[in-house]
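Chain residues, written in single-letter form:
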Amino acid sequence: MSVTKNSMQKISRRELIKFTLLGSVVSALSSRSFAKALALIPTPDETEGPFYPVKDQEDKDADLTQIKGHTIAAQGQHIVVSGQVQDVAGHPVAQATLDIWQADAHGRYHHPRDPNPARPDENFQGWAVLRSGENGLFRFKTVMPGAYPASGSWIRPPHIHFKVSKPGFRVLTTQMYFPAEKLNHSDLLLNAKSAPERTAMTAQLVAKQGNLPVYEYNIVLDLLRR
């Protein structure tokens, strides 16, 4: 059977369209698979740092901008951080304990050995201990932490410390970073991580609640190895 030049051209076009569509589908599936895999890598560990609170306090609730009994709110840009605690299979982790601490808007911790000369904000709570809900969800209100000098040539970008624990899982100590911060590019700790790890440790600005920016930060816990 002879095949005309015309029919060969038509077949070629059809084949080209078919393979183009197939390639697009494979590419889309690969992208989704990569995004899912990225979302479910265990949140990377990070140093606890030297400023974990050493003095207990009565108020450790989910609103760090207002200390119980104080009439004045914390200084700086108030923000909301929300997210979900999951395991590596994507299941929500309920009743996980989230221990959260950070610097105030001036980059000063409530810690007696913080060498930062900035005056501490006495109306900033600085520390919270929360539990994730039945769907693994958590939410707290705080201030955008200030940058501060870690050494003569190293300025730490805004970040929030987390220690997350739940029986059956490895205790996770990590730091959450903020998107579009110039100091992220020169931070020694953040840049010691791989690109996927840096993405997993960086919150996303997802909404505004009135004048409050809302950041989403999801946490993935790894199973306890035996």
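Computed from a predicted structure; not experimentally measured. (Residues numbered from 1 in each chain as written. Predicted model: local features only at pLDDT ≥ 70, side-chain atom pairs only at ≥ 80, totals over all residues. Heavy atoms only, no water.)

## Points about the overall build of the protein chain
Turning to step 1, where the next piece is worked out: If you tally the helices and strands in the protein chain, you get two helices and eleven strands.
Turning to step 2, where the next piece is worked out: When the helices and strands of the protein chain are read in sequence order from the N terminus, they spell out α-β-β-β-β-β-β-β-β-α-β-β-β.
Turning to step 3, where the next piece is worked out: Among the 226 residues that make up the protein chain, the fraction classed as buried is 40%.
Turning to step 4, where the next piece is worked out: By sequence separation, contacts in the protein chain at least 24 residues apart represent 72% of the contacts at least 6 residues apart.
Turning to step 5, where the next piece is worked out: In the form shown here, the protein chain has an accessible surface area of approximately 12,900 Å², with 57% of it arising from carbon and sulfur atoms. (Helix = DSSP H or I, 4+ residues; strand = E, 2+ residues; numbered from the N terminus. Buried < 20%, exposed > 50% of the residue type's maximum accessible area, 1.4 Å probe, protein only. Contact = heavy atoms within 4.5 Å. Areas by Shrake-Rupley, 256 points an atom, 1.4 Å probe, with all protein chains shown as cover.)

## Digging into the sheet that holds strand β8 (residues 172-177)
Turning to step 1, where the next piece is worked out: As summarised here, the arrangement of the four strands in space is β3-β2-β7-β8, forming an open sheet in which the pairing is antiparallel. Two strands close off the open sheet at either side, each with one partner strand: β3 (127-131) and β8. Strand-to-strand twist in this sheet, taken as the mean axis angle between neighbours without regard to direction, amounts to 20°.
Turning to step 2, where the next piece is worked out: Bridge count for strand β7 (residues 159-165) against β8 is six bridges, and the pairing is antiparallel. Paired with valine 164 across the strands is leucine 172, a residue of β8. (Pairing = 2+ DSSP bridges. Axes fitted to C-alpha atoms, helices over the stretch in contact; angles between N-to-C directions.)

## Focus: the environment of proline 120
Turning to step 1, where the next piece is worked out: Topologically, proline 120 is positioned in the loop between β2 (97-101) and β3.
Turning to step 2, where the next piece is worked out: In sequence terms proline 120 and arginine 108 are twelve residues apart; their C-alpha atoms lie 5.6 Å from each other.
Turning to step 3, where the next piece is worked out: Not counting the four nearest positions on each side in its chain, proline 120 is found in contact with Asp104, Arg108 and His110.

## Considering the pairing of β7
Turning to step 1, where the next piece is worked out: Taken across its seven residues, β7 has five buried, putting it largely inside the fold.
Turning to step 2, where the next piece is worked out: Examined bridge by bridge, β2 and β7 share five bridges and lie antiparallel to one another. By the bridge assignment for β7, tryptophan 101 is matched with histidine 161.
Turning to step 3, where the next piece is worked out: Between the antiparallel neighbours β7 and β8 lie six residues, among them glycine 168 with a positive phi of about 95°.

## Re the nonpolar core
Turning to step 1, where the next piece is worked out: In terms of nonpolar packing, the biggest core is built from 28 residues, with Leu98, Phe140, Phe162 and Ile219 touching the most fellow members.
Turning to step 2, where the next piece is worked out: Only β1 (78-87), β2, β3, β4 (137-143), β7, β8 and β11 (219-221) provide two or more residues apiece to this core.
Turning to step 3, where the next piece is worked out: In this structure phenylalanine 162 touches Leu98, Asp99, Ile100, Trp101, Phe138, Phe140, Leu172, Thr173, Thr174, Met176, Tyr217 and Ile219, once residues within four positions along its chain are discounted.
Turning to step 4, where the next piece is worked out: One finds Phe51, Trp101, Ala103 and Trp127 within the second-largest nonpolar core, a separate group that totals six residues. (Core = buried A, V, L, I, M, F, W, Y, C linked by side-chain atoms within 4.5 Å.)

## Quick word on the packing of aromatic side chains
Turning to step 1, where the next piece is worked out: Within the structure shown, the criterion is met by eight aromatic pairs.
Turning to step 2, where the next piece is worked out: Taken together, the ring pairs in this structure connect Phe138, Phe140, Phe162 and Tyr217 into an aromatic cluster.
Turning to step 3, where the next piece is worked out: Directly above the aromatic system of tryptophan 127 lies the positively charged group of lysine 60, at a separation of 4.8 Å from the ring centroid.
Turning to step 4, where the next piece is worked out: The residue whose ring lies beneath lysine 163 is tyrosine 52, and the NZ or CZ to ring-centre distance is 5.0 Å. (Phe/Tyr/Trp six-rings, centres within 6.5 Å; stacked < 30°, edge-to-face > 60°. Lys NZ or Arg CZ within 6 Å of the ring centre and 35° of its normal.)

## Notes on the pairing of β2
Turning to step 1, where the next piece is worked out: Most of β2 sits out of view: five of its five residues are buried.
Turning to step 2, where the next piece is worked out: Of the two faces of β2, the one lined by Thr97, Asp99 and Trp101 and the one lined by Leu98 and Ile100 are each fully buried.

## Regarding the confidence of the model for the protein chain
Turning to step 1, where the next piece is worked out: Across the protein chain, pLDDT averages 88, with 82% of residues at or above 70.
Turning to step 2, where the next piece is worked out: For residues 7-11, every residue scores under 50 in pLDDT, and the model assigns this stretch one contact once sequence neighbours within four places are set aside. (pLDDT = per-residue confidence, 0-100.)

## Topic: the pattern of salt bridges
Turning to step 1, where the next piece is worked out: Inspection of every chain in the model, using the stated rule, returns seven salt bridges.
Turning to step 2, where the next piece is worked out: Salt-bridge contacts for glutamate 48 lead to lysine 163; the nearest nitrogen and oxygen are separated by 2.8 Å. Residue glutamate 48 is located in the loop between α1 (5-39) and β1, and its partner lysine 163 is located in strand β7; the two are separated by 115 residues in the primary sequence.
Turning to step 3, where the next piece is worked out: Residue classification places glutamate 48 among the partly exposed positions, given a relative accessible area of 29%. (Salt bridge = Lys/Arg side-chain N within 4 Å of Asp/Glu carboxyl O.)

## Focus on the side chain of threonine 97
Turning to step 1, where the next piece is worked out: Here threonine 97 is to be found in strand β2.
Turning to step 2, where the next piece is worked out: Among the polar contacts made by the side chain of threonine 97, one reaches the side chain of arginine 131 at a distance of 3.2 Å. (Polar contact = N/O pair within 3.5 Å; in protein donor to acceptor, adjacent residues only side chain to side chain.)

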